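Coordinates in review
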Amino acid sequence: MISRLLRRTHMYLALFLTPWVLMYTLSTIAMNHHGFFRELYGDGPPAFEKENELIWNGSFSDGASRGARARAILASAGLEGAFGIEKGEPGKLVILRQDPVHPRRMTYTQADGRLVIEKQIFRTNAFLEGMHRRRGFHHDYLADDGWAVTVDLFVAAMVFWGLSGLWMWWEMKATRKWGVVAALGGLALFAFFLVTL
Amino acid sequence: MSWPQLNRRLHLYLALSLLPWFLVYGFSSLFFAHPSAGQRLYNDGVPTWTLRFERPFNDPAPDGGGGALKALGKKIMETCGLEGSFGAYRHSPTQVNVYVYTFWKSTEVKYFLDRKLLRVEDRRFRWDQFLTGMHARGGFDQDGFLDDLWAVLVDVVCLGFLTWITTGIIMWWQVKHTRMWGWAALGAGAGLFSAFLTWL
């Protein structure tokens, strides 16, 4: 009964999390071969290209923080979501909207109310790396908290897959001998790197 | 050995071989997702960094990053008698930092350009940083053979994940009575992931 439950959970959890496994795997390959992408695209992140420029007519409450101002601008532009604020010139507010597919940079100039919206050129490796690094409950948006929950689920699933896999292996007596060889081989290689690197 | 059996054995033995990497990536992700957990474990007043020594140094720093900055980092390491994997970055217009790391030990050299001074500091050992350091280690940017070999293994682990997906899907498909719920799980996961790409 326990064995059957473990097998089914192992499998259905893996099927459900297949997109996350793929994303983390492909992004790790991209990060491991950073040099290749640097040669392909050059140093630095992808460039931004202007998407829109307008006069922003909204207003802020007195003493509003930079974060509150950024949230108001994002909401009015229909681009609500996780963001960061770049250190910029005085009188300018530079918002980096962390959209996973199309990150945007929004520069608001207080003096004339001008708002320039720029979209980052899409690059597969940057997209994958951004998704890989996205985590935590520090943003104010529900969607980001939801994503952080899936990241936690994935972490728990990895540990569960490892432990339930060991259980299932031990139940198959015919595979024990070669299983021990495989496990010890991997462990020895890992220990070697622990000592030497 | 039949094809389905070969598929099962590949799934199993590959997992057993790569289990240490699999568990390290799993447990370390916890500290990436919840960095405060690591902070709480070591909230004992012991300073993170300890000064090893300071010494004068005067070498111009390149304006850009990349290879020139890395060459300066290497020279700073030689001057300080440090060895190992390293990286260099410009912390501020008047400061270049070089970090030297192994799985067990991390050292940082701060080069204060205006004061013509090198300060070498050692980081205290922490298990959370040990795990996250191992998780983040990879790439073929270092000069050492073993660093390259570790990066090759990172690729092997990635290929392992792709193989587990493939062999896992084949195993699922062979158990006919699980197909319906399997499709439901696969579809729900793909749907949720796609939705996050729109919501985030």
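Here is what the cut-offs are and how they apply
- Residues numbered from 1 in each chain as written.
- Chains lettered and ligands numbered in written order.
- Predicted model: local features only at pLDDT ≥ 70, side-chain atom pairs only at ≥ 80, totals over all residues.
- Heavy atoms only, no water.
- Contact = heavy atoms within 4.5 Å.
- Buried area = accessible area lost by both parts, 1.4 Å probe.
- Salt bridge = Lys/Arg side-chain N within 4 Å of Asp/Glu carboxyl O.
- 1 Å grid on protein atoms, 1.4 Å probe; cavity = no way out; pocket = protein on both sides within 12 Å on 5 of 7 lines; lining within 4 Å.
- Points joined across faces, edges and corners; volume = space filled by probe spheres on them.
- Helix = DSSP H or I, 4+ residues; strand = E, 2+ residues; numbered from the N terminus.
- Domains from an automatic or database assignment.
- Polar contact = N/O pair within 3.5 Å; in protein donor to acceptor, adjacent residues only side chain to side chain.
- Nonpolar A, V, L, I, M, F, W, Y, C, P; charged D, E, K, R; others polar.
- Buried < 20%, exposed > 50% of the residue type's maximum accessible area, 1.4 Å probe, protein only.
- Pairing = 2+ DSSP bridges.
- Axes fitted to C-alpha atoms, helices over the stretch in contact; angles between N-to-C directions.
- pLDDT = per-residue confidence, 0-100.
- Parallel < 35°, antiparallel > 145°, perpendicular 65-115°, else oblique.

Here we come to the interface of chain B and chain A. The interface is formed by 59 residues belonging to chain B together with 57 residues belonging to chain A. Interface area, chain B with chain A, both sides summed: about 5200 Å², of which 78% is carbon and sulfur. The largest share of the area that chain B buries against chain A comes from Leu16(B), Phe193(B) and Leu200(B), three residues that together contribute 15% of it. Taken together, chain B and chain A are joined by one salt bridge. Between Arg38(A) and Asp141(B) there is a salt bridge; the shortest N-O distance is 3.8 Å.

A few words now on empty space enclosed by the protein. Rolled over the atoms, a probe as big as a water molecule pinpoints where empty space is left. Here the structure, examined in full by the defined rule, presents one cavity of 30 Å³ or more. In this model, the largest cavity occupies a volume close to 50 Å³. In this structure, the largest cavity is lined by Leu197(A), Tyr101(B), Arg137(B), Gly138(B), Gly139(B), Gln142(B), Asp147(B) and Trp150(B).

On to the environment of Gly58(A), then. Mapped onto the elements, Gly58(A) comes out in the loop between β1 (48–55) and α4 (66–76). In the structure, Gly58(A) is positioned 15 residues away from Ile73(A) in sequence and 7.7 Å away in space, judged by C-alpha atoms.

Attention now moves to the domain arrangement of chain B. All names here are of chain B. For chain B, the domain assignment lists domain 1 (1–46 + 124–175) and domain 2 (49–123). Distance from the C-alpha centre of domain 1 to the C-alpha centre of domain 2: 30 Å. Of the residues lining the interface, 12 residues belong to domain 1; the matching set on domain 2 comes to 10 residues. Regarding the contact of domain 1 and domain 2, the summed buried area is about 1000 Å², with carbon and sulfur atoms giving 51% of it. On the domain 1 side of the contact with domain 2, Arg 124, Arg 137 and Gln 142 bury the most area, a combined 48% of that side's loss. Ionic pairing is found between Lys 74 and Asp 143, a salt bridge with its closest N-O pair at 3.9 Å. Counting across the interface, domain 1 meets domain 2 through five residue pairs in polar contact (both at pLDDT 80 or more). When residues of the side of domain 1 that touches domain 2 are traced back to their parent elements, those giving at least two are α4 (127–136) and α5 (145–174). Top element by residues in the side of domain 1 that touches domain 2 is α4. It accounts for four residues. In terms of residue class, the side of domain 1 that touches domain 2 is made up of five nonpolar, two polar and five charged.

All names here are of chain A. Position of Ala 68 relative to the elements: it lies in helix α4. Residue Ala 68 is classed as partly exposed on the basis of its relative accessible area of 30%. Once the C-alpha coordinates of Ala 68 and Pro 90 are considered, the two residues, 22 residues apart in sequence, prove to be 17 Å apart.

Bringing the pattern of salt bridges into the picture now. The final tally for this structure, using the stated rule, is 21 salt bridges over all chains. The closest approach of N and O atoms between Arg124(B) and Asp44(B), which form a salt bridge, is 2.9 Å. Of this pair, Arg124(B) sits in the loop between β5 (117–123) and α4 while Asp44(B) sits in the loop between α2 (35–41) and β1 (49–56), placing them 80 residues apart in sequence. Of the residues examined, Arg124(B) reaches a relative accessible area of 18% and is grouped as buried. Among the charged side chains, a salt-bridge network with shared partners connects Lys50(A), Glu53(A), Asp112(A) and Arg114(A).

Another point: the environment of Met158(A). Mapped onto the secondary structure, Met158(A) falls in helix α6 (residues 142–171). Residue class for Met158(A) comes out buried when judged on its relative accessible area of 5%. For Met158(A), the contacting residues outside a window of four places in its chain are Phe22(B), Tyr25(B), Gly26(B) and Phe161(B).

A separate point is the sheet that holds strand β3 (residues 95–101) of chain B. Residue and element names in this part refer to chain B. Read from one edge to the other, the open sheet built from five strands follows the order β1-β5-β4-β3-β2, with strand pairing classed as antiparallel. A single partner strand is all that each edge strand has here, and the edge strands are β1 and β2 (85–92). If you compare each strand with its neighbour and ignore which way they point, the axes differ by 20 degrees on average. Relative to β5, strand β4 (residues 106–112) is paired through six bridges, and the arrangement is antiparallel. Residue pairing for β5: Val 109 is matched across the bridge by Val 120. Sheet contacts for helix α3 (residues 66–80): β1, β2, β3, β4 and β5; angle to β2, the most-contacted strand, approximately 110 degrees.

Here we come to the confidence of the model for chain B. Atomic detail in the predicted coordinates should be set aside for any region of low pLDDT. Put simply, chain B has an average pLDDT of 91, and 99% of its residues get 70 or more. On the interface metric, ipTM, the complex scores 0.89, and its pTM is 0.89.

Quick look at the packing of helix α2 (residues 18–32) of chain A against helix α6 (residues 179–199) of chain B now. Across the interface, α2(A) lies against α6(B) with an axial gap of 8 Å and an inter-helix angle of 55 degrees. Relative to α6(B), the element α2(A) is oriented oblique. In this structure, α2(A) contributes Thr18(A), Pro19(A), Trp20(A) and Met23(A) to the contact, and α6(B) contributes Leu186(B), Gly189(B), Ala190(B), Leu192(B), Phe193(B) and Phe196(B). Residues belonging to the contact of α2(A) with α6(B) are distributed by class as follows: eight nonpolar, two polar and no charged.

What follows is about the sheet that holds strand β5 (residues 114–120) of chain A. Residues and elements named next belong to chain A. A sheet is described by the order of its strands in space; here five strands give the open sequence β1-β5-β4-β3-β2, paired in antiparallel fashion. Only two strands of the sheet have a single neighbouring strand rather than two, namely β1 and β2 (83–86). Ignoring strand direction, the axes of neighbouring strands in this sheet form an average angle of 20 degrees. Summarising the sheet, strand β3 (residues 92–97) and strand β4 (residues 104–109) pair through six bridges and their orientation is antiparallel. Within β4, the position partnered with Leu 96 by the bridge is Arg 105. Sheet contacts for α4: β2, β3, β4 and β5; angle to β3, the most-contacted strand, approximately 65 degrees.

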